[in-house]
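Residue strings, one per chain:
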Amino acid sequence: STVFLPLFLNDKKINKKILKIILIEGDIIKKQLQWSEKISSMSKKNFEIYIDKFKRNHFKVMKMQLVKKHHRKLKLYSLGFKFFNTGVLRKFSRESVKIIKRGLVLNAIRKIKIKKLLIVSKLNKDLYPKKLRKNFDKVFEIKNTGHYPMIDSPRLTFKSIEKFIK
C-alpha cells in the first residue's frame, strides 16, 4: 500500500504554506501479507536459499512487479535489495505479521487526524477492500501500473497527489 499524508504548516516568517508528504509503503491488512507470511513460516535453511535467489535476481524481482519499461536507474534502485540484512528481514516479517493480524497498523492509520490519500495499482485493487478504503479521504487507482504505481507512473502518481492537496 502506498499512503500519502500531506501535512500543511503555516510558516509566519515567509507567510506561505509549507507542504510535507509522509509516504507509508507496506502492508496494512491481513489480505496483503502473503510475502511476509511466506518468509516468516520458512525454516532458517529454506529462508537462506530463498533470500540468496532473491538477492541474485533483485532486478528481475523488481521488474516483475512493474508493468512498464523503465530507465536504467531502476537497476541502481533495485540494488538495495541485494544488500539488506536477512536476519532483520526475517524478524521484521514475523513481527509485522503479528502486528497486522492484530489490526494495529490499520488502527494507527485510523487515529491519524490529517487527510489521508491511498494510491493503488488498478491491477492490485483487490488487495484494498472497502474496509481499508473507508479509512482514507481519497483513493486513487492508477491504471497500467504494477506493485509500485509511483515508479510505473510517476506522472499520474504526482497528479493524484496534486489533485488531492488542492
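Residues numbered from 1 in each chain as written. Predicted model: local features only at pLDDT ≥ 70, side-chain atom pairs only at ≥ 80, totals over all residues. Heavy atoms only, no water.

Chemist: Break down the side chain of Thr-157 for me, with residues and values.
Modeler: Locating Thr-157 in the fold gives a position in helix α9 (residues 154–165). A polar contact is formed between the side chain of Thr-157 and the backbone oxygen of Ser-153, at a distance of 2.9 Å. (Helix = DSSP H or I, 4+ residues; strand = E, 2+ residues; numbered from the N terminus. Polar contact = N/O pair within 3.5 Å; in protein donor to acceptor, adjacent residues only side chain to side chain.)

Chemist: Describe the nonpolar core, and please don't skip the residues or the numbers.
Modeler: Within the largest apolar cluster, 10 residues are counted, these being Ile-28, Ile-29, Leu-106, Ile-109, Leu-118, Val-120, Leu-127, Tyr-128, Leu-132 and Phe-136. Breaking this core down by element, the ones donating at least two residues are α6 (104–111) and β3 (117–121). Here Leu-106 is in contact with Ile-28, Ile-29, Leu-132 and Asn-135, once residues within four sequence places are set aside. By size, the runner-up hydrophobic cluster in this structure holds nine residues, among which are Ile-51, Val-61, Phe-84 and Leu-89. (Core = buried A, V, L, I, M, F, W, Y, C linked by side-chain atoms within 4.5 Å. Buried < 20%, exposed > 50% of the residue type's maximum accessible area, 1.4 Å probe, protein only. Contact = heavy atoms within 4.5 Å.)

Chemist: Give a detailed account of the pattern of salt bridges, specifying residues and quantitative values.
Modeler: Under the definition given, this model contains five salt bridges. Ionic pairing is found between Glu-37 and Lys-101, a salt bridge with its closest N-O pair at 2.8 Å. Taken as a pair, Glu-37 in helix α1 (residues 34–41) and Lys-101 in helix α5 (residues 86–101) lie far apart in primary sequence, 64 residues in all. The exposure class of Lys-101 is partly exposed, given its relative accessible area of 45%. (Salt bridge = Lys/Arg side-chain N within 4 Å of Asp/Glu carboxyl O.)

Chemist: Can you tell me about the side chain of Thr-86, naming the residues and giving the values?
Modeler: Residue placement: Thr-86 occurs in helix α5. What Thr-86 contacts, discounting residues up to four positions off in sequence, is Phe-47, Glu-48, Ile-51 and Lys-55.

Chemist: Account for the confidence of the model for the chain, naming residues and giving values.
Modeler: Averaged over every residue, the pLDDT of the chain is 78; the share at 70 or more is 80%. At the level of individual helices and strands, the chain shows its lowest average pLDDT in strand β1 (residues 2–11), which scores 51, and its highest in strand β4 (residues 138–142), which scores 91. (pLDDT = per-residue confidence, 0-100.)

Chemist: Please give an account of a positive patch on the surface that cites residues and values.
Modeler: Side chains of Lys-30, Arg-110, Lys-131 and Lys-134 sit close together on the surface and give a patch of like positive charge. Note that Lys-134 resides in the loop between α7 (130–133) and β4. The exposure class assigned to Lys-134 is exposed, which follows from its relative accessible area of 64%. (Patch = residues over 30% accessible without salt bridge, like charges linked within 9 Å, V, L, I, M, F, W, Y side chains within 5 Å. Areas by Shrake-Rupley, 256 points an atom, 1.4 Å probe, with all protein chains shown as cover. Lys, Arg positive; Asp, Glu negative; His and termini not counted. Charge placed at Lys NZ, Arg CZ, Asp CG, Glu CD.)

Chemist: Before we move on, can you summarise the packing of helix α2 (residues 44–56) against α5 with the specific residues and values?
Modeler: In the contact formed by α2 and α5, the axes pass within 11 Å of each other and the chain directions differ by 115 degrees. With respect to each other, α2 and α5 are oriented roughly perpendicular. For α2 against α5, the interelement crossing comes out right-handed. Between α2, through Lys-44, Phe-47, Glu-48, Ile-51 and Lys-55, and α5, the contact on the second element is made entirely by Thr-86, Leu-89 and Arg-90. (Axes fitted to C-alpha atoms, helices over the stretch in contact; angles between N-to-C directions. Parallel < 35°, antiparallel > 145°, perpendicular 65-115°, else oblique. Left-handed = near helix turned anticlockwise from the far one by under 90°.)

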